[in-house]
Every structure is written in structure tokens, then in C-alpha cells.
Amino acid sequence: MSSKQKLYIETLGCAMNVRDSEHIVAELSAEYALTEDRSDADLIIINTCSVREKPVKKLFSEIGKFKKQKKEGARIGVCGCTASHLGKEIIKRAPAVDFVLGARNVSKIAQAVKERGFVQTDINHDETTYQFSDSYQNSPYKAMVNISIGCDKQCSFCIVPSTRGEEISIPEDMIKKEIEKSVAKGAKEVMLLGQNVNNYGRRFSGEHRKIDFTGLLQSISEVEGLERIRFASPHPLHMDDAFIEEFANNPKICKSMHMPLQSGSTEILRQMKRGYSKEWFLNRVAKLKALVPEVTIGTDIIVGFPGESEADFAHTIDVMRRVEFDQVFSFKYSPRPNTPAQHYKEQVDDDTASKRLERLQALAKEILDKRMAQAVGSTEAVYFDELRPEGRVAGRTDNNRLVLVQGSEELLGNTRKVKITQSHRMSLDGEIVE
Ligand code: SAH
Ligand code: F3S
């Protein structure tokens, strides 16, 4: 019996990369089976991120490690955003690498593994109509589905538009078909993915029904058997009333919203080219909370953007206190190639940025502890999707809090009512009540 070769895949970065890795696994599944042991792999793929400098540095140290550990004859491929941005540079710097495939070229993976020295990083082509021959999901209970690729926004700090190209929406019928396929296999939850999901429908590759993100959400809700819809990430600028009302009134849409703030200072937001002000952001949060009191809100914040003064940072802290985010991804500004902000004068020194980041993270933890403690005593619908050690099972509330209960396999893929008994910073403990 001829057995399949083994594939080890390491994924850095955002949910889009996680989904691209699933596509890669699916495309190679006829010839490769996944392994978690890199020293046993015939093919090692690193799916990279380039949004900050740190993950780029990590790539080269990872390649170094793999070079030593890999078994004889094993090949190494680099995919994702750093592949797009450095291209054949990567093979020059690390000759152990056999192929380089950009973030917008995932569909070429089967060809890439066959041709030594293969480099493809084109961002000016349309991958939206590409049908993957097979499908693969990290979790059978949850599907991730791309609804758009690329980003048209050009935020002045962000490298993504130059690694993933211009924004193209995937046709509604293709999205629905993919969701239906996953639902038929048992997934009751879908995560819709795009850099800028609520800008959906601005540009399709061919002739398609004119539909915006709100329309797409309505259309997807019709899929029978689908119980939960999540999406990442919406842009605060495009959070119009119709969108917030659909979010509030559609029972299938989970009540957690990611609202990447980046900065609370209107002047810094202008320099970042985000297109909204502090007041607009707070106004959207107020509308959201008024319509959905149980909503949890997550955000991304950059500290130390060029020109950020103490007064600007105080606005960010002010928004943090007013909104009380449930999840904060915070970063020190990192100057990136192909972005205007790297040339801005008044770069903030590293020590100042580190101190601001520390203050921000301390406040985020304080708020989170308070918010999680408030959940104790409530009864929540929890969708279970993962076995944990010591006879526990993990799931998520509708508003995306992690809940652990005592239980076994039969909970997986099911939603049960859970009484929350205790809170920790990152999770809640509970007991099933029905
Ligand atoms: N629109 C995307 C953003 C992708 S980048 C989304 O919302 O999914 C993810 C986050 O990385 C950004 O929201 C931003 O907070 C952070 N980021 C991007 N470029 C950065 C840079 N140059 N320095 C520090 N953080 C950055
Ligand atoms: Fe980047 Fe702004 Fe798009 S953060 S991904 S350019 S919305």
C-alpha cells in the first residue's frame, strides 16, 4: 500500500492565513497527510505574516531551525504575506527554501510543490473565482469562509494592501455553496473572512447581483442548519445604521463585534488615513450597545504611531474606559516597507511606545477582569467544539466568551444552556442546566 507523504504546516498571523493554510492542506490532500512532527515531514510549509517586523524576523529563524531538523530530502516552502513582500529574496537569503508562494497565489500550491525554485507573488490577478478541489477545516464544528480578498483601504501604517492586493468580493453564490458544504458536514457556525468585510460588494470580478454586506448577511442566514454567523474584521467607517440594525436583529449573527480602533485621537486617525474620528467611533459603539446590551466588543490598537503625543494617547485611554473592550489586540507601531507612515517624521522612541503599551495593556486587563466577573450568574447558550484535559469541554457563548464545563464528546457540535459559575481572565467556568 502506498502511503501519503507528510506535510507540516506552520501558520503565523491572522485568520486569513489560518484559512489559507486550510486551503493549502485541502489542495495537497491527494498526496500529503498532515503531521505535527516537523522532523518527520517530507514537506514543510511556513505560512507567514508581515504586518509587523517581528514575524518577518521569526520567519528566518524558523527556516534556520527547520534546516537543521528536517529529514533528508524534505522540502521547505514559504507562503503568505512575507512571501508576497520579499519574493525571491527569501531563496537568496535562505537557500534551503524550495519555493515561495504569495498570499494571493494560494491556488498555485500544487504546482509550487512540484517545481523547485518556483516563485509566484503576483497581486494583480483575481483569485476569487478559483474553486478549491477539496475542502479541509481545522474544526469540523466551525467553518471559515472568505468573502473578499485584498484591501483597498491604504491605511498609512499597513503593508497588507501591498501583499494581498486590491479588494475583490467573492460572488454570493460561491460563498453560500461553500457554507452549505460545511454545514452538510456538521459545522453549525461560520466565520466570514475579509480584511474589510463590511465593504463587501464594492467590486466583483464579473457580473453579479449587486449586494452589500448587510444583504450578504441576510442571504447567508437562509442557509438551513447554520446556527451562528461570525465575521472578521469589519471597519468602523462602514458601520452604517443598516449594518448595525441587521447585526442587532438577525438572531443568527453572534453578538460580538470586532471594531479596530487603532487610535482614540482624531488627529492620529487622520494621519493613519482611517477615515473616521473618535466621535464617530464612540457614536457607533453607543448605537451598538443601545441595540445589543449583551454585545462584547474587541479591538486592535496601535501605540506609538508617528507623532502620537501624550495627549493623543490619553484619547486612546479615554476610548478604552468608555467602551470597555472585551478583547484588545495591542501593538507597538512597527514601520513597514511600502507604507507612507514609515517616512513620517516624529517617529516615537521605543521606550515611550513600550511604556504606553504597558499602560494600555494593564488597563485592558483591569477592564476584562471586571467584564468577565459580571458574567458570573448568567445563563448562556454555549456551542461546544473542543475537548480539553481533565474531562472538560470548551465552547463559546453567543457573544464569544470561552466557557469550560465538565463533560464528554457528546457535547461537541451541540449548543447547551450553561450557568456561569466562575470567571477567569480568559475563560468562564459553568454548569450545564439544560
Ligand atoms: N483590516 C485588517 C487589519 C489587518 S492588520 C483586519 O481588521 O483584520 C491587523 C492589525 O495589525 C491591525 O488592525 C493593526 O492594529 C495592526 N497593524 C497593522 N500594521 C501595523 C504596523 N505597521 N504596526 C503595528 N501594528 C500594525
Ligand atoms: Fe490594513 Fe487598513 Fe486594510 S489596517 S488591511 S489597510 S483596512
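For the structure, see preceding data.
What this report covers is the structure whose coordinates are included nearby. Per chain, residues are indexed from 1 in the order of the written sequence. Chains carry letters from A onward and ligands carry numbers from 1 onward, assigned in written order. Two thresholds apply to this predicted model, a pLDDT of at least 70 for residue-level local features and 80 or more for giving and counting side-chain atom pairs, whereas whole-chain, interface and lining totals are computed over all residues. To obtain the side-chain values, all non-hydrogen atoms of the structure were used and water was disregarded.

## Observations regarding the state of the cysteines
Note the cut-off: By convention in this document, the label disulfide applies to cysteine sulfur atom pairs within 2.5 Å.
Enumeration according to the criterion identifies zero disulfides in this entry. C49 supplies the cysteine sulfur nearest to C81, a cysteine that is in no disulfide, at a spacing of 6.3 Å.

## Here's the deal with the packing of helix α7 (residues 172-184) against helix α8 (residues 213-221)
We apply this condition: To define axes, lines are fitted to C-alpha atoms, for helices over the stretch in contact only, and angles between the resulting N-to-C directions are given on a 0 to 180 degree scale. Working definition: helices are DSSP H or I runs of at least four residues, strands are E runs of at least two. Numbering for both runs from the N terminus. Left-handed describes a crossing whose near helix is turned anticlockwise from the far helix through less than a right angle; right-handed describes the clockwise counterpart. We call two residues contacting when some pair of their heavy atoms lies within 4.5 Å. Asp, Glu, Lys and Arg are counted as charged, while Ala, Val, Leu, Ile, Met, Phe, Trp, Tyr, Cys and Pro are counted as nonpolar; the rest, among them Gly, fall into the polar class.
For the pair α7 and α8, the least separation of the axes is 10 Å and the interaxial angle reads 35 degrees. Note on packing geometry: the crossing formed by α7 with α8 is right-handed. Residue-level contacts link E172, I175, K176 and I179 of α7 to L216, S219 and I220 of α8. Here the residues of the contact of α7 with α8 are counted per class, giving four nonpolar, one polar and two charged.

## Section: empty space enclosed by the protein
For clarity, the threshold we go by: Lining residues are those with an atom within 4 Å of a point, where the points come from a 1 Å grid over the protein atoms alone and group into cavities, where a 1.4 Å probe fits but cannot get out, or pockets, open sets with protein on both sides within 12 Å along at least five of seven lines. Grid points are joined across faces, edges and corners, and a volume is the space filled by probe spheres set on the points.
Taken as a whole and judged by the stated rule, the model has one cavity of 30 Å³ or more. Each pocket or cavity is described by its volume, and for the largest cavity that value is around 80 Å³. Lining the largest cavity, in full, are R19, E22, S135, Y136, Q137, A143, M144, E178, K181, S182 and K185. Of all the secondary-structure elements, those providing two or more residues to the lining of the largest cavity are α1 (15-27), β7 (142-146) and α7. Per element, the largest residue contribution to the lining of the largest cavity is three residues, and it comes from α7. Per-class residue counts for the lining of the largest cavity are three nonpolar, three polar and five charged.

## Let's talk about the site of ligand 2
Which entries qualify depends on this criterion: Near residues are defined by distance, with any heavy atom within 4 Å of the molecule or strand qualifying the residue.
Lining the immediate surroundings of ligand 2 are C151, K153, Q154, C155, F157, C158, V160, P161, Q195, H235 and R274. Looking at the shell around ligand 2, its residues break down into six nonpolar, three polar and two charged.

## Some thoughts on the site of ligand 1
Cut-off, in case you're wondering: Distance and chemistry together define a polar contact, namely a pair of N or O atoms within 3.5 Å, with one atom able to donate a hydrogen and the other to accept it when in protein, and with adjacent residues in sequence counting only for side-chain atoms on both sides. Each accessible area is a Shrake-Rupley result for a 1.4 Å probe, and residues are judged covered by the shown protein chains and nothing else.
Around ligand 1, the structure places 14 residues, and the nearest of them are F157, Q195, Q262, D300 and S334. Measuring from a nitrogen atom of ligand 1, one finds a backbone N or O atom of Q195 at 2.7 Å. A distance of 2.7 Å is found between an oxygen atom of ligand 1 and a side-chain nitrogen or oxygen belonging to Q262. Alone, ligand 1 offers 550 Å² of accessible surface; in the complex the protein occludes 87% of this. At the level of elements, β13 (296-303) and β14 (327-332) are the ones that each hand at least two residues to the shell around ligand 1. Here the shell around ligand 1 is built from residues that sort into six nonpolar, four polar and four charged.

## Some thoughts on the sheet that holds β13
Just so we agree on the cut-off: A pair of strands is treated as paired once DSSP finds two or more bridges between them.
The parallel open sheet is built from three strands, whose spatial order is β12-β13-β14. Two strands bound the open sheet, and with one partner strand each, they are β12 (256-258) and β14. For this sheet the average axis-to-axis angle between neighbouring strands, irrespective of direction, equals 10 degrees. Inspection of the sheet shows β13 paired to β14 by six bridges, in the parallel sense. What sits directly across from I301, in β14, is S330.

## Thoughts on helix α13 (residues 350-374)
What counts here: An expected span of 1.5 Å times one less than the residue number is assigned to each helix. Here's how the labels work: a residue is buried when its accessible area is under 20% of the maximum for its type, exposed when over 50%, partly exposed in between, all with a 1.4 Å probe on protein chains only.
Helix length check: α13, at 25 residues, gives a terminal C-alpha distance of 36 Å against a target of 36 Å (1.5 Å per residue), a fit within 8%. Residues of α13 that are buried include every one of A353, R356, L357, L360, L363, A364, I367, L368, R371 and M372, and no others. Elements that come into contact with the buried residues of α13 comprise β13, α12 (310-323), β14, β18 (415-423) and β19 (428-432). Backbone nitrogen of D351 and a side-chain oxygen of the N-cap are separated by 3.2 Å at the start of α13; the cap is D349.

## What to know about unusual backbone geometry
Following A232, the chain continues into S233 via a peptide bond in cis, with omega recorded as -10 degrees. Secondary-structure assignment places S233 in the loop between β11 (228-232) and α9 (241-249). Phi at N400 is positive, roughly 75 degrees, even though this residue is not glycine. Here N400 shows up in the loop between β16 (392-397) and β17 (402-406). Its relative accessible area of 27% is what places N400 among the partly exposed residues.

## Some details on the pairing of β18
Sheet topology places strand β15 (residues 379-388) next to β18; five bridges connect them, and they run antiparallel. From the neighbouring strand, T379 faces β18, where its bridge partner is K419. Taken together, the five bridges between β18 and β19 define a ladder with antiparallel strand orientation. For K419, the partnering residue across the bridge sits in β19 and is E431. In this structure, the hairpin formed by β18 and β19 is closed by a connection of four residues.

## Focus on the layout of surface pockets
Using a probe with the size of a water molecule, rolled over the atoms, empty space left in the structure can be pinpointed. Operational definition: Segmentation into domains, and thus their bounds, comes from an automatic or database assignment.
Of the pockets and cavities examined, the second largest pocket occupies roughly 470 Å³. Forming the walls of the second largest pocket are 27 residues, and the residues nearest its centre are H23, Y130, F132, I170 and E178. Elements represented by at least two residues in the lining of the second largest pocket include exactly α1, β8 (148-149) and α7. With five residues, the top contributor of residues to the lining of the second largest pocket is α7. Class assignment of the residues belonging to the lining of the second largest pocket gives a composition of eight nonpolar, nine polar and 10 charged. Counting only domains with at least three residues in the lining of the second largest pocket, you end up with domain 1 (5-120) and domain 2 (135-254).

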